[in-house]
Amino acid sequence: MTKRNAAVVGGGVIGAGWAARFLLMGWDVAVADLDPEAPRKVGEVLANARRSLPGLHDVALPPEGRLTVTADLAAAVAGAEWVQESVPETLALKHRIIAEIQRHAPEALIGSSTSGFKPSELQEGAADPSRILVAHPFNPVYLLPLVELVPSPANPAHVVEGAKAVLTGIGMYPLHVRKEIDAHIADRFLESVWREALWLVKDGIATTEEIDDAIRYGFGLRWAQMGLFETYRVAGGEQGMRHFIAQFGPCLSWPWTHLTDVPDLTDELIDAIAAQSDAQSGAYSIRELERIRDANLVGIMRSLKGYSADAKAGWGAGLLLRAQDARFGKPEPDLSGPILTVDRAVPLDWTDYNGHMNEARYLQAFGDATDRFMEIVGCDADYIATGGSYFTAETHIRHLGEVSAGDRIEVRTQLLGGEGKKMHLFHEMRVGGEVRATGEHLLLHVSLETRRASPPGEAVAKRMAEVWAAHKDLPPPDGAGRAVGQGR
Ligand code: NAD
C-alpha cells in the first residue's frame, strides 16, 4: 500500500491530536510549528494516543506512520495530500497560513480546525478557494470521532466527497454541515450551555463541581449515547416526540434560562471560577486529567460497540468503531501452522490498577481467539443460526509475563484434537514475539436445541478435518497438557 502524507500546521492541543490520529491510522505526518517546544508537546500527545486509540479497535491498526516536526512550513506541506490548519483562532493569521500552504502545496485539500470562522471567510483572497474547507474536530482529536465538515458554495461536490473519504478513512465521523454558519453546530450548542453555567456560578446558585455533577451523573450519560432528540423521544413515553413537546414545550416561555444574555467576565467572576475549579480538580495535573479522560472515553466508546457478535449490536460512536474494524478487516488464515486468531492492542478498559492486563481479560482474548477459530472452521453466525455451536468444557491459562495497556497482542492457535464432537485448542499469546500467556481449551460441539453434545454439521466437520490434517503432526506446544501447579 502506498504511504499517504498529511501535514498539520500548528502543533498545539488540536494539531497534535490530528497528527496522532493520522499517524496511528498509518499516514506519514509532518507538523509545522514555530514553538521550539513543539516536538516535546506533540510527543506527549502522541504517547497518550498510543495508549488509548489502538485498543478502541478489535483488530490491529496499520503500521504507524512516520512523524516529523519542523518550523519549516514549506517543507512540511510539500507533497501532502491533506493539510490540517490548526493555528490560533485569528482570521488574519489563518489567511496568511492558508496562502502559504497553497503556495507550497497547491494540490492539497486544506481542512481548517477553526471553531468559529465560516469557510467562506477562510477562503477570502485565497489562490484556490475550492480546496479550503472547515474540518472542525473535538478534543481529544485522536479519540473523538466527530469532525464538522463545513464547505461553502465555492467547494465543488468532489472536494467535499474527497474530504469525507479522508476523514472516514482515519476513523472520524464527518458531519456535513450543509449551510455555513458562525461556530458551526456543536459549538453553538456548547456555548449556550457554557453561558448558562457561567450565570449559575455568577449568581451563586452552583459551584463548578456541582454543575459538572449535574451533567456527569445524569443527562451527560444520556447525551453520550443518544444525543438530545432521541433521548427526548424516549422521555415522551409511548407517544414519543409529540407528547414530549406538548408536555415540556410551555416551559420554554418561562424565564428558566438567561437565553442569550452573557455575564460580564469580571475579575471577580474569573477568580471565583478558577478557585472553584482548583478546589474541584487541582489535585491532578492536566496530563493526569487527560489520561483519566482518555480511559473513561475508551470505556464508554467500547461499551457502545456492544459485546455480542450480533451484526445489529452497537450504537452511536460504537457503531462507527465497528465499521472501522470491518474496514481494517481480519487477515486470511494460514492453516499450515498455528493460526493467527487475535491481533490487536490491549485497550485501556482491559487493564487494572497495576497498569497491566486484568486476569479476566486473558480469558477474553483467548475466548476471542476461539471465536475466530470457530469462524475459520465454518462455525460462524450463519452456522450457529442453524442450531449447532461449540461450548467450552475446560480451560487452563498460564500467565508467563506481563501484558500492559496499549501492547499489541498476537494470539496463534494450534488444534490439538479435532475429531468427532471435540475441539481441543492451544492458544499462545505473544507481545513482540515473546510468549506472555497460553490458554488450553477443550470445547464440545452441542445441539442448541437439546443443549447436549452432538456431532458437528458436515461442512464444519470437513473444514475441521482439513485443519486437523495440517496440525496433527506439528510439534506439541510447550505447556500443552500441563496441570495447575506443575510449574513451567
Ligand atoms: P494552541 O494554542 O494549543 O495551538 C496553536 C499552535 O499553533 C501552537 O503550538 C503555536 O505554536 C502554533 N502556531 C502559532 N502560530 C504559528 C505559525 N505562524 N506557524 C506555525 N505554527 C504556529 O491552540 P489549539 O487549541 O490547538 O487551537 C488551534 C485551532 O483549533 C483553533 O482554530 C481553535 O479554534 C481550534 N479548535 C480548538 C479546540 C480546543 O478545544 N482547544 C477544539 C476544536 C478546534
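Please read all numbers here as calculations on a predicted model, not as lab measurements. (Residues numbered from 1 in each chain as written. Predicted model: local features only at pLDDT ≥ 70, side-chain atom pairs only at ≥ 80, totals over all residues. Heavy atoms only, no water.)

### A look at the overall build of the protein
1) Next: Secondary structure assignment for the protein yields 16 helices and 13 strands.
2) Next: With respect to the principal axes defined by its C-alpha atoms, the protein has extents near 75 × 60 × 45 Å.
3) Next: In the protein, buried positions account for 42% of the 488 residues.
4) Next: Contacts spanning at least 24 positions in sequence make up 71% of the contacts within the protein whose residues lie at least 6 apart.
5) Next: Carbon and sulfur atoms make up 56% of the accessible area of the protein, which totals about 25200 Å². (Helix = DSSP H or I, 4+ residues; strand = E, 2+ residues; numbered from the N terminus. Buried < 20%, exposed > 50% of the residue type's maximum accessible area, 1.4 Å probe, protein only. Contact = heavy atoms within 4.5 Å. Areas by Shrake-Rupley, 256 points an atom, 1.4 Å probe, with all protein chains shown as cover.)

### Some thoughts on the site of the ligand
1) Next: Around the ligand, the structure places 22 residues, and the nearest of them are I14, D33, E89, K94 and S115.
2) Next: Between the ligand and V13, the relevant distance is 3.1 Å, taken from an oxygen atom to a main-chain nitrogen or oxygen of the residue.
3) Next: The separation between an oxygen atom of the ligand and a polar side-chain atom of E89 is 2.6 Å.
4) Next: Considered on its own, the ligand offers 830 Å² of accessible surface; in the complex 74% of this is hidden by protein.
5) Next: Only α1 (13-24), α4 (91-104) and β6 (132-137) provide two or more residues apiece to the shell around the ligand.
6) Next: Element by element, the count of residues in the shell around the ligand is highest for α4, at three residues. (Near = heavy atom within 4 Å. Polar contact = N/O pair within 3.5 Å; in protein donor to acceptor, adjacent residues only side chain to side chain.)

### Considering the pattern of salt bridges
1) Next: Under the defined criterion, the tally for this structure stands at 27 salt bridges.
2) Next: As a salt-bridge pair, E191 and R195 come within 3.2 Å of each other at their nearest N and O atoms. With a gap of four residues between them, E191 and R195 both fall in helix α7 (residues 186-202), about one helical turn apart.
3) Next: Overall, R195 belongs to the buried group, its relative accessible area being 14%.
4) Next: Where R302 meets D349, a salt bridge forms, and the shortest distance between an N and an O atom there is 3.0 Å. (Salt bridge = Lys/Arg side-chain N within 4 Å of Asp/Glu carboxyl O.)

### Considering helix α11 (residues 267-281)
1) Next: With 15 residues, α11 extends 21 Å from end C-alpha to end C-alpha; this agrees with the ideal 21 Å at 1.5 Å per step.
2) Next: Burial in α11 covers these residues: L269, I273 and Q280. With its buried residues spanning 30° around the axis, α11 presents them on a single face. Among the exposed residues of α11, those pointing more than 90 degrees away from its buried face are D267, E268, D271, D278 and A279.
3) Next: Residues of α11 that are buried sit in contact with α7 and α8 (208-226). (Expected span 1.5 Å × (residues − 1). Arc of directions from axis to C-beta.)

### Comments concerning the domain arrangement of the protein
1) Next: Its domain assignment divides the protein into domain 1 (5-176), domain 2 (196-283) and domain 3 (332-471).
2) Next: Distance between the C-alpha centres of domain 2 and domain 3: 47 Å. (Domains from an automatic or database assignment.)

### Let's talk about the pairing of β6
1) Next: Counting buried positions over the six residues of β6 gives six, a clear majority of the element.
2) Next: Taking every second residue as pointing to the same face, both faces of β6 are buried, with I132, V134 and H136 on one and L133, A135 and P137 on the other.
3) Next: Judged from the three bridges that link them, strand β5 (residues 109-112) and β6 form a sheet pairing that is parallel. Paired with I110 across the strands is I132, a residue of β6.
4) Next: Relative to strand β7 (residues 146-150), β6 is paired through four bridges, and the arrangement is antiparallel. Within the sheet, the bridge partner assigned to V134 lies in β7 and is V150. (Pairing = 2+ DSSP bridges.)

### Overview of the sheet that holds strand β3 (residues 67-70)
1) Next: Taking strand neighbours across the sheet as the criterion, the eight strands line up as β3-β2-β1-β4-β5-β6-β7-β8 in an open arrangement whose pairing is mixed. Only two strands of the sheet have a single neighbouring strand rather than two, namely β3 and β8 (173-176). The average undirected angle you get between the axes of adjacent strands in this sheet is 25°.
2) Next: On top of the sheet, helix α2 (residues 38-52) reaches β2 (28-32) and β3; it is set at about 150° to β3, its chief contact. (Axes fitted to C-alpha atoms, helices over the stretch in contact; angles between N-to-C directions.)

### Points about the sheet that holds strand β11 (residues 408-417)
1) Next: Taken in spatial order, the five strands of this open sheet run β9-β11-β12-β13-β10, and their pairing is antiparallel. The open sheet terminates on both sides in strands that have one partner only, identified here as β9 (339-345) and β10 (388-399). Ignoring which end each strand starts from, the neighbouring axes of this sheet average 25° apart.
2) Next: Strand direction decides the pairing type here: β11 and strand β12 (residues 422-431), joined by eight bridges, are antiparallel. Bridge pairing links Q414 to F426 in β12.

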